[in-house]
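Chain by chain, the residues:
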Amino acid sequence: MDIVIDNLPFLLKGAYYTLLITVVSMFFGLIIGLITAIARLKGNRFFRTIARVYVSIIRGTPPLVQIVIVYYGLVDYGIELGALTAAYIALSINIGAYVSEAFRGAIQAVPIGQTEAALATGMTEAQAIRRVVIPQAIRIAIPPLGNTFVGMLKETSLVSVIAVTELLRSAQLLVAQYYVYMPFYLSIAVMYWILSTLFTFILSVIEKRLSVY
Amino acid sequence: MIQANDLSKSFDQHEVLKNISLKIPAHQVVAVIGPSGSGKSTFLRCLNGLEMITGGTISVNDHLLQATDNKKLRQKTIHAIRQDTGMVFQQFNLYPHKTVIENVMEALIVVKKQSKEQARVIASQLIMRVGLQEKEEVYPSKLSGGQQQRVAIARALAMEPKIMLFDEPTSALDPELVGEVLKVMKELADEGMTMVIVTHEMKFAQDVADRILFMADGQIVEDSEPRKFFEQPSTERAQRFLAKVNEF
Ligand SMILES: Nc1ncnc2c1ncn2[C@@H]1O[C@H](COP(=O)(O)OP(=O)(O)OP(=O)(O)O)[C@@H](O)[C@H]1O
Ligand SMILES: [Mg+2]
């Protein structure tokens, strides 16, 4: 127990990176996901196809493979990314696909009458989507997005393989130093659990806020 | 004000409107009645481009829409038509995430690019006009159906339409709430609004409309004054329809 407490600052720094990677990837993933969802639902054939292929590839390949492709694979083409940057990029692209599916379902769940009412008042299709459909879709999307984000938080552990010192790698480094496993691995498990719970809680607060009507 | 020439509309192979031609002058109140599936809603929705006509032409307040128009021209014309028309739906379709006053302000801000303050003043007046001044800050889910429909009318009026389209505005309402909506509509009619109303309220059609269009199988089977239509319908189809309605 003492060795955990002694090394707590180190572990907390790992937790900080886990959180940072999660939040940054979530942010860009949301943008990518929203654009992809709209492209799939409202885009012309070209954009629809691109969006569909993107989602299909991401969902059909392991995230670990995506991460090593971005970090190691791109080097072959002279693109050398820092480990953290590679983590942001790989995970944003990854989560964007899942977010787009959540948004797509949510946009489709908004009754068509909402769009028609907006169009009838003279809005363009784009205005109707932006002002009427998306705000309602976001609220519908929150529960599935919550699951996606908690999944994301856990997936960040994968970037330990490209030497980003997030939670898992912090523990691994300590294990290598002290030759004991359980205390460190148990501590990070607890930390993941706390972070997940915190996320779920924040999302439920947001959901409540948005459901004033 | 509205002129249709040989208007037709098909969904795939299914021809729902068949060569409809008619003129509706300004300030006229037209009631469209007919059996279910006869194409009343489709006809109304063709008038503001929610459905695109597949044959003929339609002109609304001098904006001419032709079935042969290319996509770009069509979008432009429909956009112009919608600036001059308001529509009220059977299911109200109020924006659930916006309060009553925000529902009415929305198009003023987004389409007319008015400031929030300007929009609020206009919206407030319209809400007063439909008798809901004390509900301005309430969300639609907290209103009765009749109140929601009156908000929907206020929302449509905010754009200062020259023509109002109503698709069975009272069909989703409990019977005791129908009156308050019809009252607002009657006031509009008295003020000289051009109105096309799809309705099953025969009494309202008889009292308020200047003209009855009776539709069956995608055609206007009868086009006459309310008195004549209700007392001496000239077609057998209309006679049967009225007999059935009177059973209830
Ligand atoms: N989007 C659509 N796609 C395919 N068919 C449609 C569509 N909308 C309407 N129809 C068909 O067109 C016909 C006319 O429908 P419409 O809704 O205009 O009738 P209506 O007179 O308004 O009926 P009701 O009194 O039940 O509202 C029906 O046979 C309907 O099935
Ligand atoms: Mg109908």
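Residues numbered from 1 in each chain as written. Chains lettered and ligands numbered in written order. Predicted model: local features only at pLDDT ≥ 70, side-chain atom pairs only at ≥ 80, totals over all residues. Heavy atoms only, no water.

Concerning the overall build of chain A
The secondary structure content of chain A amounts to nine helices and zero strands. The secondary structure elements of chain A, listed N-terminal to C-terminal, are α-α-α-α-α-α-α-α-α. Counting only C-alpha atoms and orienting by the principal axes, one finds that chain A spans roughly 70 × 45 × 20 Å. Looking at chain A as a whole, 44% of its 213 residues are labelled buried. For chain A, long-range pairs separated by at least 24 residues make up 76% of all intrachain contacts whose partners lie at least 6 apart in sequence. Only carbon and sulfur atoms are counted for the fraction: they give 68% of the accessible area of chain A, which is about 11000 Å². Side chains of chain A carry 15 positive and 10 negative charges; the gap between the two charge centres is 13 Å. (Helix = DSSP H or I, 4+ residues; strand = E, 2+ residues; numbered from the N terminus. Buried < 20%, exposed > 50% of the residue type's maximum accessible area, 1.4 Å probe, protein only. Contact = heavy atoms within 4.5 Å. Areas by Shrake-Rupley, 256 points an atom, 1.4 Å probe, with all protein chains shown as cover. Lys, Arg positive; Asp, Glu negative; His and termini not counted. Charge placed at Lys NZ, Arg CZ, Asp CG, Glu CD.)

A closer look at the sheet that holds strand S7 (residues 163-167) of chain B
Residues and elements named next belong to chain B. Read from one edge to the other, the open sheet built from six strands follows the order S6-S7-S8-S3-S9-S10, with strand pairing classed as mixed. Among the strands making up the open sheet, the edge pair consists of strand S6 (85-88) and strand S10 (219-224). In this sheet, adjacent strand axes meet at a mean angle of 20 degrees when their direction is disregarded. The sheet contact formed by strand S3 (residues 29-33) and strand S9 (residues 211-216) spans four bridges and is parallel. Paired with Ala 31 across the bridge in S9 is Ile 212. (Pairing = 2+ DSSP bridges. Axes fitted to C-alpha atoms, helices over the stretch in contact; angles between N-to-C directions.)

A look at the pairing of S3(B)
Within a regular strand, side chains alternate between the sheet's two faces. All names here are of chain B. For S3, the tally of buried residues reaches five of five residues, placing the bulk of the element in the interior. Of the two faces of S3, both are covered, the one formed by Val 29, Ala 31 and Ile 33 as well as the one formed by Val 30 and Val 32. Alignment of S3 against strand S8 (residues 194-198), held across four bridges, turns out to be parallel. Paired with Ala 31 across the strands is Ile 197, a residue of S8.

Re the interface of chain B and chain A
At the junction of the two partners, chain B supplies 24 residues and chain A supplies 18 residues. Buried surface at the junction of chain B and chain A, both sides included, amounts to about 1900 Å², of which 59% is carbon and sulfur. When the area that chain B buries against chain A is broken down by residue, the three leading residues are Arg82(B), Tyr95(B) and His97(B), summing to 28%. Counting every contact that joins chain B to chain A gives two salt bridges. Here Glu116(A) ties to Arg45(B) by a salt bridge, and the two come within 2.7 Å at their closest N and O atoms. Elements with a contribution of two residues or more to the side of chain B that touches chain A: helix H2 (71-84), S6 and helix H3 (100-110) of chain B. (Buried area = accessible area lost by both parts, 1.4 Å probe. Salt bridge = Lys/Arg side-chain N within 4 Å of Asp/Glu carboxyl O.)

A closer look at the pattern of salt bridges
This structure, assessed with the given rule, holds 20 salt bridges over all chains. Between Arg240(B) and Glu236(B) there is a salt bridge, with its nearest N and O atoms 3.0 Å apart. You can see Arg240(B) and its partner Glu236(B) sitting in helix H9 (residues 236-247), four residues apart, about one turn around the helix. Relative accessible area serves as the criterion here: at 48%, Arg240(B) is assigned to the partly exposed category. One salt-bridge network, in which partners are shared between bridges, spans Arg40(A), Arg59(A), Glu101(A) and Arg104(A).

Describing the pairing of S6(B)
Residue and element names in this part refer to chain B. Burial of the side chains of S6 extends over both faces: Thr 85 and Met 87 are buried on one face and Gly 86 and Val 88 on the other. Sheet topology places S6 next to S7; four bridges connect them, and they run parallel. Each residue of the ladder has a partner; that of Met 87, found in S7, is Leu 165.

With respect to the UniProt feature "transmembrane region" (unreviewed entry) in chain A
UniProt annotation of "transmembrane region" (unreviewed entry) refers to residues 15-41, 53-75, 81-99 and 185-206 of chain A when read in the numbering used here. Helix makes up 100% of residues 185-206 of chain A and strand 0%, whereas the separation of the span's terminal C-alpha atoms amounts to 32 Å. (UniProt positions renumbered as here; feature names shortened; annotations may be inferred.)

Thoughts on the packing of helix H2 (residues 8-42) of chain A against helix H3 (residues 45-60) of chain A
Residues and elements named next belong to chain A. Between H2 and H3, whose axes approach to 8 Å, the crossing angle comes to 130 degrees. Between H2 and H3, the crossing angle belongs to the class labelled oblique. Crossing handedness for the pair H2 and H3: left-handed. Side by side, H2 and H3 meet where Ile 32, Thr 36, Ala 39 and Arg 40 of the first sit next to Phe 47, Arg 48, Ala 51, Arg 52, Tyr 54 and Val 55 of the second. A class-by-class count of the residues in the contact of H2 with H3 yields six nonpolar, one polar and three charged. (Parallel < 35°, antiparallel > 145°, perpendicular 65-115°, else oblique. Left-handed = near helix turned anticlockwise from the far one by under 90°. Nonpolar A, V, L, I, M, F, W, Y, C, P; charged D, E, K, R; others polar.)

Side note on the nonpolar core
Ile58(B), Ile153(B), Met164(B), Phe166(B), Met185(B) and Met195(B) are the most contacted members of the largest nonpolar core, which has 95 residues in total. Ile21(A), Ile67(A), Phe149(A) and Met152(A) belong to the second-largest nonpolar core, a separate cluster that totals 32 residues. (Core = buried A, V, L, I, M, F, W, Y, C linked by side-chain atoms within 4.5 Å.)

As for the UniProt feature "domain: ABC transporter" (unreviewed entry) in chain B
With numbering aligned to this structure, UniProt lists the feature "domain: ABC transporter" (unreviewed entry) at residues 2-242 of chain B. The straight-line gap between the two end C-alpha atoms of residues 2-242 of chain B is 27 Å; of that span, 40% is helix and 26% is strand.

Remarks on the UniProt feature "domain: ABC transmembrane type-1" (unreviewed entry) in chain A
As annotated in UniProt, the feature "domain: ABC transmembrane type-1" (unreviewed entry) corresponds to residues 15-203 of chain A in the numbering used here. Structurally, residues 15-203 of chain A is divided into 81% helix and 0% strand, and its ends, taken at the C-alpha atoms, are 20 Å apart.

A few points about the packing of helix H6 (residues 112-120) of chain A against helix H7 (residues 125-155) of chain A
Residues and elements named next belong to chain A. Axis separation between H6 and H7 bottoms out at 9 Å; the angle between their running directions is 140 degrees. Considering the angle they form, H6 stands oblique to H7. The two elements H6 and H7 cross, and the hand of that crossing is right-handed. Across the interface between the two elements, Gln 114, Thr 115, Ala 118 and Leu 119 of H6 pack against Glu 125, Ala 128, Val 132, Val 133 and Gln 136 of H7. Class assignment of the residues belonging to the contact of H6 with H7 gives a composition of five nonpolar, three polar and one charged.

Considering unusual backbone geometry
All names here are of chain B. If you check the backbone angles, Asn 19 has positive phi at about 45 degrees while not being a glycine. Mapped onto the secondary structure, Asn 19 falls in strand S2 (residues 14-24). Among the residues examined, Asn 19 registers a relative accessible area of 47% and is labelled partly exposed. Residues other than glycine seldom take positive phi values, yet Lys 113 does so here, at roughly 55 degrees. Here Lys 113 shows up in the loop between H3 and helix H4 (116-129).

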